[in-house]
Structure formats: C-alpha cells, structure tokens
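This is what each chain is made of:
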Amino acid sequence: MPTHEQHMLRAIELAERALGNTSPNPLVGAVIVRANKIVAEGWHKQAGLAHAEVAAIQDAKAKNQNIEGATIYVSLEPCCHHGKTPPCTQAIIDAGISQVVYATSDTNNKASGGAEVLLNAGIDVVGGICEEQAKHTNRFFFHYLEHKTPYVIAKFASSLDGRTATRTGNSQWITGKQARAQGHVARQAVDAIVIGAQTAINDQPQLSVRNANAHKHTQAAHPLRIVLDSTGRVPLDNAVFNPDLPASALLVTTEAIDKNHKQQLIDNNVEVLTLPCANNSTHPDLKLLLKTLGERQIQSMLVEGGAHVHGSFLDSKLVNEVWAFIAPMIIGGREALPSVGGIGADLLKDALTLNNTTVEMFDADLLIKGTV
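First, a word on scope: everything that follows refers to the structure included in this document. (Residues numbered from 1 in each chain as written. Predicted model: local features only at pLDDT ≥ 70, side-chain atom pairs only at ≥ 80, totals over all residues. Heavy atoms only, no water.)

Some words on helix α1 (residues 4-15)
Okay, so step 1: Look at α1: 17 Å from first C-alpha to last across 12 residues, which is about the 16 Å you get at 1.5 Å a residue.
Okay, so step 2: The complete set of buried residues in α1 reads His7, Met8, Ala11, Ile12, Leu14 and Ala15. The buried side chains of α1 occupy one side of the element, clustering within an arc of 160 degrees when seen end-on.
Okay, so step 3: Structurally, α1 contributes buried residues whose contacts are with β1 (29-34), β2 (37-43), β3 (71-74), β4 (99-102) and α5 (131-137). (Helix = DSSP H or I, 4+ residues; strand = E, 2+ residues; numbered from the N terminus. Expected span 1.5 Å × (residues − 1). Buried < 20%, exposed > 50% of the residue type's maximum accessible area, 1.4 Å probe, protein only. Arc of directions from axis to C-beta. Contact = heavy atoms within 4.5 Å.)

Quick notes on the pairing of strand β13 (residues 321-326)
Okay, so step 1: Most of β13 sits inside the fold, with six of its six residues counted as buried.
Okay, so step 2: Here β13 shows two buried faces, one formed by Glu321, Trp323 and Phe325 and the other by Val322, Ala324 and Ile326.
Okay, so step 3: Pairing of strand β6 (residues 151-158) with β13 involves six bridges; the strand directions are parallel. By the bridge assignment for β13, Ala154 is matched with Val322.
Okay, so step 4: One ladder, built from six bridges, connects β13 with strand β16 (residues 365-371); its direction is antiparallel. In the strand pairing of β16, Ala324 is matched with Ile368. (Pairing = 2+ DSSP bridges.)

Note that all results are geometric; they support no functional claim without further evidence.
Here it is as structure tokens:
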C-alpha cells in the first residue's frame, strides 16, 4: 500500500515540472488519492494560472472521478486568500475532500493559515510529510520571503586543477555536451543570470535556455541577462545585448561609465542600472544590487562568471549554493585562469566548505552541488 511519503514525493515531482515558470509564486504539486489509488494530479504551471489543488480537482472532473471523501496531497500548505485566483482551501472544501496532507507550511503572510481554515471546516489535516524535500524545491521562494533578496547560485566549470581557461584565454569547452546541457537546467530555474564584462567580451554568451530537457513540461523560462560592467567596456554589438534574444538585458555599472555609451545602450533597449561602488572598490556594490533586484521580485539569481565575479560574490558572502562542474583534465600553468578569484581565505580553516553536497556524473564530468 502506498504511503503518505510516496504520494507526497509524487506531488513534489509534479511541482518541479514548472521549474522557472511560477515566480514569484512557489512551485506546488498536488495528488488526489481515493481507495489508495491516485485518481487525479495537478501542478501550478505559471503565475496567474490555476494553483495545484484546483488543477488536480479539474483533472478529476475531466476524468469523471468521484473525489468526495478523498485525500489530497499538496507539496505546500493550501492558500486561503484571494489573489489572482480564488483560495484553494475553498476549492478543497467545495470538492468534498475529507483529508489534506501537506509537506510544509506557507510562510507568506498573505497565503498562510490554510491548514486552520481546513480544520475549522471539519477536514482532517496532516502536515510535515517530506518537509525537507519540499523546502528544497521552494528554497528560492522561502529565501526571498525571509530576506527580500534573491537566492544566489554560483555555477562554474573547471578542470581538475581549478582552471576555467588556459593562459591564452581559451575556455570552450572544458566540459562535455551533457554537462553543458545540465547547466541550462540552472538557467531555467532562476529569474536572473549574472556575468562580468570580461566574460561577455571573451565568450559572447546568449545567456538563454537552449536545452528542451530543462523544461519538458513547460515553455522555456529565459532569465533576465545581467552584465556587471563598471566602466562600460562591453560594446553594444556584443551578443549578450542582442535585442532578438528572449528576456531583457540589464547592464549594472558605476558613474565611471562613458555617458555616450550609456545612452547608446538605453537607446537600444538595454536597461542601465548605475550603482555606487562597494567599499574600497571600483566595482558596483553587490549587496545593493541584490536589494534592488529583490525590490523587483527577482527571487533567484545564477552567477556564471568569470573568476572575478565569482570571487566578489563569495568574498561578500552572498552565495547560497554552488554548482561546480569538474572536467577530468589538467590545464596547468601559472597564468591559466582560476574558476574563482577574489581575496579568498587566509587559512584553510576559513575556507568555504559546502554543506548538503551531492555528486552527479554527466559522461566523464562531475557536478558537485552544495549549500553555503
């Protein structure tokens, strides 16, 4: 007989189908079970569309399934407020569902309290099933609710000796096709992606999602393209500013940028954000950048490089998670470019150590993930 945990893991799996498409809403999946069998499923596909519970109830109706007295498993506590859609608690009550099992509470003040509403309606409520898995799925959402700044993932690819390019600057490609395709999963998941000026100049990146496996059940969710460029070195004809690319581009700079270049960018639909420099630096204040992005409801951000940008974020303790792709090659050379620059640690005991690490393989390449 299937357990609460098995049904909840299916609900979490459904929630993750919409990766990258629900922000600023959370990822939520729902499963309706009657007589120990799944009779309907649903997930929140996009902000503004039906929530997971309603989608599952609609699925049951489409299949002519009687769900009165059934149990619904939801990866997040059902909401009880009127937003762009009616409250899910009322839909559950109206459907005659007798038991609600959810994974984790909703910490959004506007939406929380659904469990109490359901209990007051005489529905049996069970919470905390597969809670850690559900929190991980919605780590961007929960981080944003608490801090009002984006959750930051640092992603890089390096050789075994920690290099991202040779001494001549050659960097394409360190990892194989499978690993690079997996990198698009991270792009699909986040609201924004950040690179530095030198990476833009050297690599001419598009910063878009070009792997259909990263969004099997939804449309590609292309992140906001952000370039950190203190003095305006990246030319207007760089690929990252291509107006035909999906999503929009944002140049983050300082007062040192050439005023004519700044106006040319603006005239070509590139947004320019001028920030003060960080203390003892000539570069934009990254903490202020995160605060500004948070005010725009940017809940998650991927830092793709280069070494100076990664070092700056890590030195400033602004990274929440790391995705490190490691290729089985040794580049060597004192002048080869490292994957992470910045100041770094003075002593090994002060070095950043990842927590909750996982290791995956893509052909011969490793992907090490961990939280900070």
